[in-house]
Amino acid sequence: MIVLVAATVAALVRSARSPFAAPITEPQKVPFLGGGAPTTHAWQRYHVRYYPMTLLFIAFEMEMMFMYPWAVVFVEEGGKAMMEMGMFLAILSVGILYGWREGVFRWQ
Amino acid sequence: MTQMLAILILLLFLTAGIAAAAMLDRAIPALVAGRPMKSSLSAPFAVAAAMAIAPKSDTEHPDRVGWVLAPILYFTLAAVGLSVVPLSPRLVAAPSEVGIVLWGACEALTVVAVFLHGWSANAPLPLMGAYRYVAIGLPAMLLSMFVLIGAALPAQSLGLVEIVESQRDVWNVVRQPAGLVLFLMLGLSVSLRGPFDYADPYDLAGGTQAEVSGAARLSWRLARLAMLVSVSAMTATVFLGGYLGPVLPGFVWLALKSALVLVALVAAGNWFARMPPARMMSFLWLALLPLSFLMLAAVGVELLLWG
Amino acid sequence: MAVRLLEKSAPSAPVSVFAAVGAGSRGRVERLFYDPRLTRVLSVRQANVLLVAGSLRDEDHDDLRRLHDQMPPPRATVWWGSDPIFGFDDLTTIAVEDDPVAAIVAAHRALIMVERASEPDLLPNEPANPWRGEGPHGQGGKGMMGGTPYGRPMAMTNDDLRDGLALDAYTAPFGPFLPMLPPGLKLSLTLQGDVVQKAEVLRPPLAQHDDGPTRALRLRRVARLLRILGLDAHADRLQDASRASECGEEVDFAKLRRLVRWSGALAAIPPGLGVVDGRDVRSRMRRWLDELGVQRPDPADPASSEQPARLVDLLEGLEWTEAILVINSFDDKALLAMAPVEKEDGNAEKGEGEHHHHDHSSRDHHSAGHAMNHGGGGSA
């Protein structure tokens with residue numbers, strides 16, 4: 001219901017018609033480069049500079065999945081849970097250090 | 001019945017919040033710049049009206065579906081994120097036992113919405129904004145999840161009502177003060193502002209916004225403000241005790257606290273400098289993420305000793 | 001009803017102006033936006049009025065026409081101390097010494113009230129490249145990439161400077177009217193992702209003859225760097241201070257310096273960026289900040305010595321934001337000395353048909369040759 005209402009509101013705003021709307025001509029469509037015109041498409045095999053970082057990110061994302069249930073039972077389990085997650089985070093921290101040494105966080 | 005009421009209040013909250021955010025967005029920069037602030041009240045509406053009547057632009061062979069969907073998705077995510085925020089123990093628009101997981105999903109999909117907005121134009125400047133936002137949006141999201149887990153520990157639940165109830169004795173901001181700061185950074189990141197605005201920055205001539213005009217731009221700006229309101233309410237709930245407070249009804253307290261966070265976010269967005277993205281990425285991973293680990297460990301130890 | 005309401009409140013909004021800045025007008029234009037009736041937009045797509053300030057070179061005329069056509073109608077152009085170029089009619093011209101704000105606001109109002117017709121396109125309504133190729137999506141055809149399916153050809157591969165990956169190298173002309181570049185500077189940048197692989201100066205920055213007090217000048221230079229660092233409000237404050245100091249008013253420089261320091265602007269700039277003569281961007285900015293209140297000419301810049309550093313060499317290998325910071329960290333005179341034109345412009349301009357396809361296939365050839373020479377020193 002909320003999704004529906006919000007999406008409808010946003011869609012209505014997005015599709016509001018301007019009283020000045022007119023067919024858009026070709027020269028109006030040239031991508032904005034401050035005067036120049038590009039020679040090629042902007043879409044390309046884009047060189048993503050943070051590619052290794054995203055791989056590391058996946059490791060942490062997976063870790064989050066274990067953390068949700070862990071958070072719920074933490075107080076019941078007490079020290080044991082603390083130790084477990086402490087070890088897990090410690091290993092991941094070593095991962096960050098290793099990644100840093102390997103230049104994962106550089107814009108390469 | 002109470003759910004319908006909650007939804008109505010929430011829509012009102014969102015609308016009022018967007019208006020307030022738009023005004024703050026003029027008032028606080030004017031304050032920093034030392035310029036007169038008196039037009040801050042009326043100007044946002046006139047600007048919105050001017051945007052609404054301007055025609056939309058187009059580029060050569062854009063991804064039209066993606067371009068239309070991006071602001072709609074962004075706005076919807078903001079509303080869904082807001083819907084799990086409890087207005088009182090029983091007044092929740094979307095009652096959920098896993099509120100923070102749902103919020104986390106909204107954060108993650110925000111990256112998709114912003115990327116889509118920049119990608120769709122098929123123009124170089126928006127494209128660069130899109131790609132670089134992913135580099136910052138992902139680690140910033142990671143930060144917030146660790147912080148939220150830290151808030152879920154004392155509540156022994158992932159639901160937001162329980163998280164608020166666990167703050168009856170002491171607010172989470174006392175348990176993890178650095179957590180609040182980290183979460184505010186996430187707030188800047190998901191609403192594309194100030195030091196975390198890597199999608200729509202000046203050096204890319206507006207980034208993902210560089211090729212949009214008229215109602216398309218208006219809807220994007222509204223979605224950004226909606227996300228700002230949403231993240232403010234979430235911060236107030238998780239760190240400042242949400243609806244808890246004496247005398248006044250719960251949602252008034254929530255509104256007051258959210259407004260406070262909103263002011264803090266807009267001020268921070270106007271106050272701090274933005275690093276080039278490469279520097280920011282290392283900063284996030286090497287300084288802030290370890291800090292969030294430590295924060296989590298501190299909350300854990302505190303609970304074991306005194307909990 | 002709703003539309004009526006919108007139309008009623010829209011004219012009270014500040015007019016969105018895109019400024020195309022010519023010679024000797026940069027400071028003038030920056031001062032202009034002190035007026036609350038105007039806002040400066042970053043992209044011409046969001047503008048209601050195109051302001052052309054100062055004189056342009058003949059080479060810039062085509063770019064101005066293209067810029068004009070990118071502005072969505074209803075649109076108007078205001079010429080401020082500038083000679084209208086061929087093709088424009090319904091002219092609004094303002095003398096250099098007059099204030100153009102009233103004329104800009106009036107032009108905008110007339111457009112909204114439909115009292116003034118929107119300016120028509122100046123360029124012919126033709127696609128940038130004729131559609132060529134076979135099949136429903138133009139995917140078929142000769143050559144590696146098939147036809148040219150969607151109007152423009154695809155970028156070709158090249159080896160990356162940083163990691164040697166062979167991905168697409170995107171070459172495009174940037175400027176001469178991009179807001180974050182000095183007016184008139186037109187660069188041909190080859191990008192892989194957002195890292196500059198190769199930079200060429202197509203046109204040098206236009207001389208600004210900023211001979212006001214150096215105090216005011218330095219404030220404006222710092223303000224430009226602040227904008228790149230996302231500090232618009234701070235930049236506005238410095239801009240206003242610059243205006244005040246030109247009018248001979250008292251300015252609290254120590255306070256401004258504190259304001260900038262507390263924003264973390266200096267710390268945000270990576271160290272070792274754009275080093276010329278032992279000074280990087282950060283130390284150049286720090287020097288401007290330290291000398292904010294000091295009224296004396298700029299020290300002789302190493303760039304103006306007999307062997308000036310070349311801007312294009314500094315930019316190579318930098319990420320986009322870093323490159324923009326480097327470009328804005330020099331004063332106008334130093335930048336002019338560092339940015340001699342090395343390549344005839346014009347090639348990149350004719351984005352049309354036959355010529356294009358030709359260009360495309362020759363580049364195809366080039367990159368194939370390059371792949372064979374792999375390991376022979378990279379793409380630079």
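What counts as what
Residues numbered from 1 in each chain as written. Chains lettered and ligands numbered in written order. Predicted model: local features only at pLDDT ≥ 70, side-chain atom pairs only at ≥ 80, totals over all residues. Heavy atoms only, no water. Helix = DSSP H or I, 4+ residues; strand = E, 2+ residues; numbered from the N terminus. Core = buried A, V, L, I, M, F, W, Y, C linked by side-chain atoms within 4.5 Å. Buried < 20%, exposed > 50% of the residue type's maximum accessible area, 1.4 Å probe, protein only. Domains from an automatic or database assignment. Contact = heavy atoms within 4.5 Å. Pairing = 2+ DSSP bridges. Axes fitted to C-alpha atoms, helices over the stretch in contact; angles between N-to-C directions. UniProt positions renumbered as here; feature names shortened; annotations may be inferred.

Enquirer: I would appreciate a short explanation of unusual backbone geometry in the present structure.
Expert: Working note: non-glycine residues mostly have negative phi, and peptide bonds are mostly trans. In this chain, Pro73(C) is followed by Pro74(C) through a cis amide linkage whose omega measures 5°. Turning to its location among the elements, Pro74(C) is positioned in the loop between helix 3 (60-70) and strand 4 (76-80). For Val247(B), which is not glycine, the phi torsion reads 60° and is therefore positive. One can find Val247(B) in the loop between helix 9 (214-239) and helix 10 (250-271).

Enquirer: It is not clear to me how the nonpolar core should be interpreted in this structure. Could you clarify?
Expert: As a rule of thumb, soluble globular proteins bury nonpolar side chains together. In this structure, Phe60(A), Phe146(B), Trp285(B), Leu64(C), Phe174(C) and Trp320(C) are the most contacted members of the largest nonpolar core, which totals 203 residues. Take this core: its biggest share by element is 21 residues, from helix 5 (residues 124-155) of chain B. Of the residues that make up this core, three or more belong to each of domain 1 (2-112) and domain 2 (160-380) of chain C. Once residues within four sequence positions are removed from consideration, Phe60(A) is found in contact with Leu92(A), Ile96(A), Leu142(B), Phe146(B), Trp285(B), Leu289(B) and Phe293(B). In this structure, Ala19(C), Leu32(C), Leu38(C) and Leu51(C) belong to the second largest nonpolar core, which totals 17 residues.

Enquirer: Quick question: what am I supposed to make of the environment of Leu87(B) here?
Expert: Residue and element names in this part refer to chain B. Inspection of the secondary structure assignment puts Leu-87 in the loop between helix 3 (64-83) and helix 4 (99-119). Placed 157 residues apart in sequence, Leu-87 and Leu-244 show a C-alpha to C-alpha distance of 9.5 Å. Each residue touching Leu-87, except ones within four places of it in the same chain, is listed here: Ala-6, Ile-9, Leu-10, Tyr-243, Gly-250, Phe-251 and Leu-254.

Enquirer: Sorry, what's going on with the sheet that holds strand 7 (residues 166-174) of chain C here?
Expert: Residue and element names in this part refer to chain C. Ordered in space as 6-7-8-9, the four strands form an open sheet in which the pairing is antiparallel. Edge strands, defined here as strands with exactly one partner in the open sheet, are strand 6 (156-159) and strand 9 (195-203). Going from strand to strand, the sheet's axes swing by 35° on average, the running direction of each strand aside. Judged from the seven bridges that link them, strand 8 (residues 186-192) and strand 9 form a sheet pairing that is antiparallel.

Enquirer: Got a minute to help me understand the UniProt feature "signal peptide" (unreviewed entry) in chain A in this structure?
Expert: Mapped onto this numbering, the UniProt entry annotates "signal peptide" (unreviewed entry) at residues 1-21 of chain A. For the annotated span residues 1-21 of chain A, helix accounts for 62% and strand for 0% of the residues, and the straight-line distance between the end C-alpha atoms is 32 Å.

Enquirer: In this structure, what is going on with the sheet that holds strand 3 (residues 49-53) of chain C? I would like to understand it.
Expert: Residue and element names in this part refer to chain C. The five strands lie next to each other as 2-1-3-4-5, forming an open sheet whose pairing is parallel. Both edges of this open sheet fall to strand 2 (38-40) and strand 5 (92-94), since each of them pairs with a single strand only. Neighbouring strand axes in the sheet, compared pairwise and without regard to direction, differ in orientation by 30° on average. Bridge count between strand 1 (residues 15-21) and strand 3: five bridges; the pairing is parallel. Counted as the bridge partner of Ala-19 is Leu-51 from strand 3. Relative to the sheet, helix 3 contacts strand 1, strand 3 and strand 4, its axis offset from that of strand 3 by approximately 160°. Of the strands in this sheet, strand 1, strand 2, strand 3, strand 4 and strand 5 are in contact with helix 4 (residues 101-112), which crosses strand 1 at around 125°.

Enquirer: Quick question: what am I supposed to make of the environment of Ala205(B) here?
Expert: When you line up the elements, Ala205(B) lands in the loop between helix 8 (177-190) and helix 9. Taking the relative accessible area as the measure of exposure, Ala205(B) reaches 0% and is therefore buried. On a C-alpha basis, the gap between Ala205(B) and Ala20(B) in space is 26 Å, while along the polypeptide they are 185 residues apart. Residue contacts for Ala205(B): discarding those within four places in its chain leaves Phe32(A), Leu125(B), Ala210(B), Leu42(C), Ser43(C), Pro179(C) and Met180(C).

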